[in-house]
Amino acid sequence: MPVALYIISINHDMYISPELVLKSRNEAKEWKDSGPLIALEIAKMASFQVQPPEKFTFKPEDWLKWSRRFERFRMASGLEKESEESQVNTLIYSMGKEADDIVQSLGIAEGDQKKYDVVKKKLENFFIIKRNVIFERAKFNLRSQQEGETVDVFITDLFNLAEHCNFGVLREELIRDRIVVGIRDKALSEKLQLEADLTLEKAVNFARKKLLESSKGFFEAMANSKSTMWA
């Protein structure tokens, strides 16, 4: 039976819109009889459809991460095989209600408004802040673990700062070096400096292990203190 069925997943909701191409009344009757069963099968299939990413925050610093997630959704869902107009509409709809006004303000030529790559590039230029690499690297190189700050928070912030430094292939080495010199535990810092084959992964693991040992020692001291108090 010549039936074209399209399943569209947008904004975490499932929309099933069957378009029927019927050449005769007999085919129409056949669809009427079997339609409910087909609709049930489609509903089952729809529950396994890939979901789009969460709504965009419209914060410039979140654009790269969100757009990467949308690209994964675009590939995994098969959206990339749809018309460019459908891809543009899905992109704008998935971003959220503010997106339409922003796109309208970008001054995209009428002939380009249905071109996915053009619209996405315009949005990228709108959201990505032009950064001064020297300034970003200065912030990175001055970053040290603060008093009361956990190792994990310190390391996570180093990774975030490195995003805008254009370190290229040296990225992991420079993050590793910043951990070594920026960590508050000077004994650990000296130990890491003596590791000739120290990698970023090893530096992170050493730092986290030290944190666990310190935490364990703290709780043991607390337990001993309570035992002495009640003795």
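That block above? That's the structure.
The shown structure was predicted, so the numbers you read here are calculated from the model rather than taken from an experiment.

**Student:** Which residues make up the environment of Ser67, and what values go with them?
**Tutor:** By secondary structure assignment, the location of Ser67 is in helix α2 (residues 63–77). Accessibility expressed as a relative area gives 5% for Ser67, which makes it buried. Between the C-alpha atoms of Ser67 and Pro53, which are 14 residues apart in sequence, the distance is 9.1 Å.

**Student:** Can you tell me about the pattern of salt bridges, naming the residues and giving the values?
**Tutor:** Scanning all chains against the criterion turns up 13 salt bridges. In this structure, the salt-bridge partner of Lys121 is Glu124, at a minimum N-O distance of 3.6 Å. You can see Lys121 and its partner Glu124 sitting in helix α5 (residues 116–127), three residues apart, about one turn around the helix. Lys121 gets classed as partly exposed once you look at its relative accessible area, which sits at 45%. With a closest N to O distance of 3.7 Å, Arg171 and Glu163 form a salt bridge. Judged by its relative accessible area of 26%, Arg171 falls in the partly exposed class.

**Student:** Could you give an account of the packing of helix α7 (residues 151–162) against helix α8 (residues 171–182), naming the residues involved and the relevant values?
**Tutor:** With their axes 10 Å apart at the nearest point, α7 and α8 run at an angle of 140° to one another. Taken together, the axes of α7 and α8 are oblique relative to one another. The hand of the α7/α8 crossing is right-handed. For the pair α7 and α8, the contacting residues are Phe154, Ile155, Leu158, Phe159 and Ala162 in the first and Arg171, Ile175, Arg178, Ile179 and Gly182 in the second. Looking at the contact of α7 with α8 residue by residue, the classes come out as seven nonpolar, one polar and two charged.

Conventions we followed
- Residues numbered from 1 in each chain as written.
- Predicted model: local features only at pLDDT ≥ 70, side-chain atom pairs only at ≥ 80, totals over all residues.
- Heavy atoms only, no water.
- Helix = DSSP H or I, 4+ residues; strand = E, 2+ residues; numbered from the N terminus.
- Buried < 20%, exposed > 50% of the residue type's maximum accessible area, 1.4 Å probe, protein only.
- Salt bridge = Lys/Arg side-chain N within 4 Å of Asp/Glu carboxyl O.
- Axes fitted to C-alpha atoms, helices over the stretch in contact; angles between N-to-C directions.
- Parallel < 35°, antiparallel > 145°, perpendicular 65-115°, else oblique.
- Left-handed = near helix turned anticlockwise from the far one by under 90°.
- Contact = heavy atoms within 4.5 Å.
- Nonpolar A, V, L, I, M, F, W, Y, C, P; charged D, E, K, R; others polar.

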